[in-house]
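Tertiary structure, described
Here is how the chains run, residue by residue.
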Amino acid sequence: MSILLLIYLKKILKFFNINGGKGIFTLVFLVLLVNLISVYFYDLHVMRIVRFGSTFSFILVYFYLVKNQNLWVTLALFLLVCRDFAHIFFESDWGTELYFFFLPIIFLINPFS
């Protein structure tokens, strides 16, 4: 299953020519469009899942494009993915606690990246 996901991701990146600067803008536009559609047409839980998928897609593209990853940027992106995952379960106690645990850490890491 994960091999199929990687093959699918490579085909998408190749189709949109993500290696160029124009492809990054295309990816951002598509992610923005999907997020706006989820905000307009779907409920809160679906919006949170789409947001998690968007953040996860950006970290995948970061690992795919950047050869020498910065530790602080990688850590900040990883914590953003963790925060968005906790945001999906925000109504439960542990989801709220994790969300508010990751949020200040991300802001503290931001000046270093």
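About the thresholds
- Residues take numbers from 1 onward in each chain, read along the sequence in its written order.
- Only residues with pLDDT of at least 70 are given local features in this predicted model, and only at 80 or more are side-chain atom pairs given and counted; all residues enter the totals for whole chains, interfaces and linings.
- Each side-chain value is derived from all of the structure's non-hydrogen atoms; neither hydrogens nor water enter the calculation.
- Starting at the N terminus, helices and strands are each numbered in turn, a helix being any DSSP run of H or I of at least four residues and a strand any DSSP run of E of at least two.
- How far a helix is expected to stretch is found by multiplying one less than its residue total by 1.5 Å.
- Working definition: with a 1.4 Å probe on protein chains only, accessible area under 20% of the residue-type maximum means buried, over 50% means exposed, and in between means partly exposed.
- We call Phe, Tyr and Trp rings a pair once their centres come within 6.5 Å, taking the six-membered ring for Trp, and we label the pair stacked below 30 degrees between planes, edge-to-face above 60, and tilted otherwise.
- The set of buried Ala, Val, Leu, Ile, Met, Phe, Trp, Tyr and Cys residues whose side-chain atoms join them within 4.5 Å is what this entry labels a nonpolar core.
- Any Lys or Arg side-chain nitrogen found within 4 Å of a carboxyl oxygen on Asp or Glu counts as a salt bridge.
- Note on geometry: axes are C-alpha line fits, over the in-contact stretch for helices, and angles between N-to-C directions span 0 to 180 degrees.
- By the definition adopted for this analysis, an angle is roughly parallel if under 35 degrees, roughly antiparallel if over 145, roughly perpendicular if from 65 to 115, and oblique otherwise.
- For a crossing to be left-handed, the near helix must be turned anticlockwise from the far one by less than a right angle; the clockwise case is right-handed.
- Residue contacts follow a heavy-atom distance rule, with two residues in contact if any of their heavy atoms lie within 4.5 Å.
- Residues are grouped as follows: Ala, Val, Leu, Ile, Met, Phe, Trp, Tyr, Cys and Pro are nonpolar; Asp, Glu, Lys and Arg are charged; all remaining types, including Gly, are polar.

Before going further, it helps to spend a moment on the environment of F78. With respect to the element layout, F78 can be found in helix 4 (residues 71-88). Separated by 23 residues in sequence, F78 and T55 have C-alpha atoms that sit 9.1 Å apart.

The next point concerns helix 4. An α-helical turn contains 3.6 residues, so any two residues separated by three or four positions project in the same direction. The end-to-end C-alpha distance of helix 4, which contains 18 residues, comes to 26 Å, matching closely the 26 Å that a straight helix rising 1.5 Å per residue would cover. Within helix 4 the residues assigned to the buried category are T74, A76, L77, L79, V81, C82, R83, D84, A86, H87 and I88.

With that settled, the discussion passes to the packing of aromatic side chains. If you walk through the whole model with that rule in mind, you get five aromatic pairs. Following the ring pairs from residue to residue traces out a cluster consisting of F52, F56, F85 and F89.

The first and last C-alpha atoms of helix 3 (residues 44-65) sit 32 Å apart over 22 residues, in line with the 32 Å expected at 1.5 Å per residue. The set of residues buried in helix 3 consists of R48, V50, S54, T55, I59, V61 and Y62.

Membership of the largest hydrophobic core is limited to six residues, which are A76, L79, C82, F102, I106 and I109. Counting residues per element, the ones that place at least two in this core are helix 4 and helix 5 (93-109).

This part takes up the pattern of salt bridges. Applying the stated rule across the entire model yields two salt bridges. Here D84 makes a salt bridge to R51, at a shortest N to O gap of 3.2 Å. With a gap of 33 residues between them, D84 in helix 4 and R51 in helix 3 connect regions that are remote in the sequence. R51 gets classed as partly exposed once you look at its relative accessible area, which sits at 30%. Among the salt bridges present, the one from D84 reaches R83, with a minimum N-O distance of 3.1 Å. Taken individually, D84 and R83 each receive the classification buried, so the pair is uniform in this respect.

At a closest axis distance of 8 Å, the pairing of helix 4 and helix 5 adopts a crossing angle of 160°. Relative to helix 5, the element helix 4 lies roughly antiparallel. Relative to helix 5, the crossing made by helix 4 is left-handed. Taken together, the residues of helix 5 that come into contact with helix 4 (itself represented by W72, L75, A76, L79, L80, C82, R83, F85, A86 and H87) are W94, G95, L98, Y99, F102, L103, I105, I106 and I109. By residue class, the composition of the contact of helix 4 with helix 5 is 16 nonpolar, two polar and one charged.

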